[in-house]
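What follows is the residue order along each chain.
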Amino acid sequence: MPVTSSDTMEIRTSDDIVRVRQKVRDLAVGIGLGLVDQTKIVTAASEIARNTLDYGGGGTARVEVIEEGFRRGVRVTFEDEGPGIADVTRAMQDGFTTGGGLGLGLSGAKRLSNEFSIQSAVGVGTRIMIARWKSG
Amino acid sequence: MASPDQARFAALLAADRDRILAAWIGALKAAGTVGQGRITAMEMETQAREMLGHLVAAIGEAGFDAKAPAYGRLRDGLAEISRTRAMQGFSPSETAAFVFSLKRPLHEAIARAEGLDPAAAAEIGVEASVLVDQFGLLTVEAYQKRREEVIIRQQREIAELSTPVVKLWDGVLALPLIGTLDSERTQVVMENLLQSIVDHSAEIAIIDITGVPTVDTLVAQHLLKTVAAARLMGADCIISGIRPQIAQTMVHLGVELNVVSKATLADAFAVALRRIGRTVVPARPAASAQG
Ligand SMILES: Nc1ncnc2c1ncn2[C@@H]1O[C@H](COP(=O)(O)OP(=O)(O)OP(=O)(O)O)[C@@H](O)[C@H]1O
Ligand SMILES: [Mg+2]
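Note that the structure is a prediction, hence the values are computed from the model and not measured.

S.K.: Explain helix α4 (residues 72–88) of chain B to me, and be specific about the residues and the numbers.
M.R.: All names here are of chain B. A rise of 1.5 Å per residue sets the reference length of α4, with its 17 residues, at 24 Å; its end C-alpha atoms lie 24 Å apart and thus fit the reference within 8%. Listed as buried for α4 are G72, L74, G77, L78, A79, I81, S82, R85 and A86. After α4 finishes, the residue G89 shows a positive phi value of roughly 90 degrees.

Structure below.
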């Protein structure tokens, strides 16, 4: 899949989360995503970025514009080398949290994205990809 | 300790000071860093004269060892100048140019220095370049540090400025939230609101999120906690300003606020007034007509 722009950003502090959100919003606006879709992908990115920081101990976000045929999208890939998630199915359930949160970040981010993938291994780390296409 | 050559060079520099200064000022003016309302030629000249004085004195005492105590006044002076530049809106390269423009005048001074043998002059030339580079970097670092301080201070100011709790009516408070709600700031804001509820014995608090660009689970959780805490203190919250795109996103996220919400602050205020038994009616015509 062609990638027309790619930026890798560090996630070390909560300010970095704000920067990732702004970058995602800029790209989303750039490819002409509507206000609702912009808000969805930005919010999904915010969730995963915060997990990367809070549970993954920090990591990176690769923010990209992708192309497939005539459609374009924004894709964000988060990676950390934290403790990993032992039971991904359980972590993806609404309300599951080990950090006193609402437990809606992962499952919500999936619902807010057109594409979502997660790979995690205990002791190795976690990689999560979210993407949203411009429809039509 | 300065070597005999270095000491001799320092003495030559001291004697040649006015010419070096003139060349330095000339270079600064040519670089366009003077004027434009940020710094006058006079100020620039005063700073240059002072720094050159420190430099010559330090070379005389310690040679080219930039870390020597003799360089303390030059270091402090340059750091101070850089900090000021950062405030005056100079760019990092303009700030560094102040020091770097001294390089050529110094080399010219070495070239016309009489009584230095060529080998010593060459050595001094190299050392002077290295020294200027080190101080150039120092100015950039001081500049950068100052800028970071400014940014941090501004962030704090914004956090404080943009979170006033306003009283709309007896017993009715509003908290218009504007900007990014990172957790630190949200904590402060929410505590302010709870304190104001106590201070005003408020019955109703309207939290307006029109100015919040992203409502994620963290923001939602802060809102939920605040609403719950306010309730324990006998006040009901109304959330207003949930824009359509935010509402849709919250639904997908699965967040339920379980609290009265209104599209606009005005709608929320109307609800609040009704709750405390007030109504807004048009003024009687007689009141506005004369006689
Ligand atoms: N990058 C990660 N590394 C390790 N564990 C993670 C990571 N991301 C998520 N988890 C685990 O998955 C759980 C669920 O994450 P999710 O984002 O859904 O909820 P939360 O962060 O706990 O709460 P919320 O996001 O609603 O504020 C977390 O509590 C944590 O245990
Ligand atoms: Mg989360």
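S.K.: An account of the environment of L194 of chain B is needed here, citing residue identities and associated values.
M.R.: All names here are of chain B. Summarising the element assignment, L194 is placed in helix α8 (residues 183–199). Separated by 39 residues in the primary sequence, L194 and M233 place their C-alpha atoms 8.3 Å from one another. In contact with L194, other than residues within four places in its own chain, are T226, A229, A230 and M233.

S.K.: So what's going on with the site of ligand 1? Which residues, and what values?
M.R.: Of all residues adjacent to ligand 1, which total 20 residues, the nearest are N51, Y55, T97, T98 and L104 of chain A. What surrounds ligand 1 is not a single chain but chains A and B. At 2.9 Å from a nitrogen atom of ligand 1 is found a side-chain nitrogen or oxygen belonging to D80 of chain A. One of the backbone nitrogen or oxygen atoms of G103 of chain A is found 2.8 Å away from an oxygen atom of ligand 1.

S.K.: Talk me through helix α6 (residues 103–112) of chain B; I want residue IDs and the actual numbers.
M.R.: Because each turn of an α-helix spans 3.6 residues, side chains separated by three or four positions end up pointing in the same direction. All names here are of chain B. Of the residues making up α6, those classed as buried are P105, L106, A109 and I110. Around the axis of α6, the buried residues are gathered within 140 degrees of arc, so they sit on the same side. Exposed side chains of α6 directed beyond 90 degrees from the buried face belong to R104 and A111.

S.K.: Can you explain the side chain of R132 of chain A? Please cite residues and give values.
M.R.: Residue and element names in this part refer to chain A. Along the chain, the position of R132 falls in strand β5 (residues 125–133). For R132, a relative accessible area of 11% puts it in the buried group. Looking at R132, its side chain comes within polar contact range of the main-chain oxygen of L112, at 2.9 Å. Not counting the four nearest positions on each side in its chain, R132 is found in contact with D37, K40, I41, G73, V74, L112, S113 and N114.

S.K.: Hey, could you go over the sheet that holds strand β4 (residues 115–121) of chain A for me, with residue numbers and the actual values?
M.R.: All names here are of chain A. The strand order across the open sheet formed by five strands is β1-β2-β3-β5-β4, and the pairing between neighbours is antiparallel. Only two strands of the sheet have a single neighbouring strand rather than two, namely β1 (3–11) and β4. Strand-to-strand twist in this sheet, taken as the mean axis angle between neighbours without regard to direction, amounts to 10 degrees. Inspection of the sheet shows β4 paired to β5 by seven bridges, in the antiparallel sense. When the sheet's bridge partners are listed, S120 is paired in β5 with T126. Its contacts with the sheet place helix α1 (residues 14–30) against β1, β2 (59–68) and β3 (71–80), and it is angled at close to 170 degrees to β1.

S.K.: Lay out the pairing of β3 of chain A in plain terms, naming residues and giving numbers.
M.R.: Residues and elements named next belong to chain A. With seven of 10 residues buried, β3 lies mostly within the body of the structure. Relative to β3, β2 is paired through 10 bridges, and the arrangement is antiparallel. Across the sheet, the residue bridging to V63 is V76, located in β3. Across eight bridges, β3 lies against β5 in antiparallel orientation. Within the sheet, the bridge partner assigned to F78 lies in β5 and is I128.

S.K.: I'd like a rundown of the sheet that holds strand β4 (residues 236–240) of chain B, residues and numbers included.
M.R.: All names here are of chain B. Here we have five strands laid out as an open sheet, ordered β1-β2-β3-β4-β5, and mixed in their pairing. Two strands close off the open sheet at either side, each with one partner strand: β1 (166–169) and β5 (260–262). On average, adjacent strands in this sheet sit at an angle of 30 degrees to one another, irrespective of strand direction. Where β4 lies against β5, three bridges are found, and the strand directions are parallel. Note on β5: the bridge partner recorded for I238 is V260. The sheet strands contacting helix α9 (residues 217–232) are β3 (204–211) and β4, and the helix crosses β4 at an angle near 150 degrees. Each of β1, β2 (172–178), β3, β4 and β5 touches helix α11 (residues 265–275); the most contacted strand, β3, lies at about 175 degrees to it.

The rules behind these values
- Numbering of residues begins from 1 in every chain and follows the order in which that chain's sequence is written.
- Here every chain gets a letter starting at A, and every ligand a number starting at 1, in the order they are written.
- Where local features are concerned, this predicted model is filtered to residues with pLDDT of at least 70; where side-chain atom pairs are given and counted, the filter is 80 or more; whole-chain, interface and lining totals use all residues.
- Computation of side-chain values covers all heavy atoms of the structure but excludes hydrogens and water.
- In DSSP terms, a helix is any run of H or I states spanning at least four residues, a strand is any run of E spanning at least two, and both are numbered starting from the N terminus.
- One less than the residue count of a helix, multiplied by 1.5 Å, gives the span that helix is expected to have.
- For every residue, the accessible area (1.4 Å probe, protein chains only) is compared with the maximum for its type, and the residue is labelled buried under 20%, exposed over 50%, or partly exposed between those bounds.
- Two residues qualify as a contact provided that any one of their heavy atoms is within 4.5 Å of a heavy atom in the partner residue.
- Near, as used in this document, describes a residue that has one of its heavy atoms within 4 Å of the molecule or strand being considered.
- N or O atoms closer than or at 3.5 Å make up a polar contact, with two conditions inside protein: a donor-capable atom paired with an acceptor-capable one, and, for residues adjacent in sequence, both atoms drawn from side chains.
- Throughout, the arc means the angular range of directions from the helix axis out to the C-beta atoms.
- DSSP calls a pair of strands paired once it identifies at least 2 bridges connecting them.
- Every axis in this analysis is a line fitted to C-alpha atoms, fitted for helices over the stretch in contact. Angles between the N-to-C directions lie between 0 and 180 degrees.

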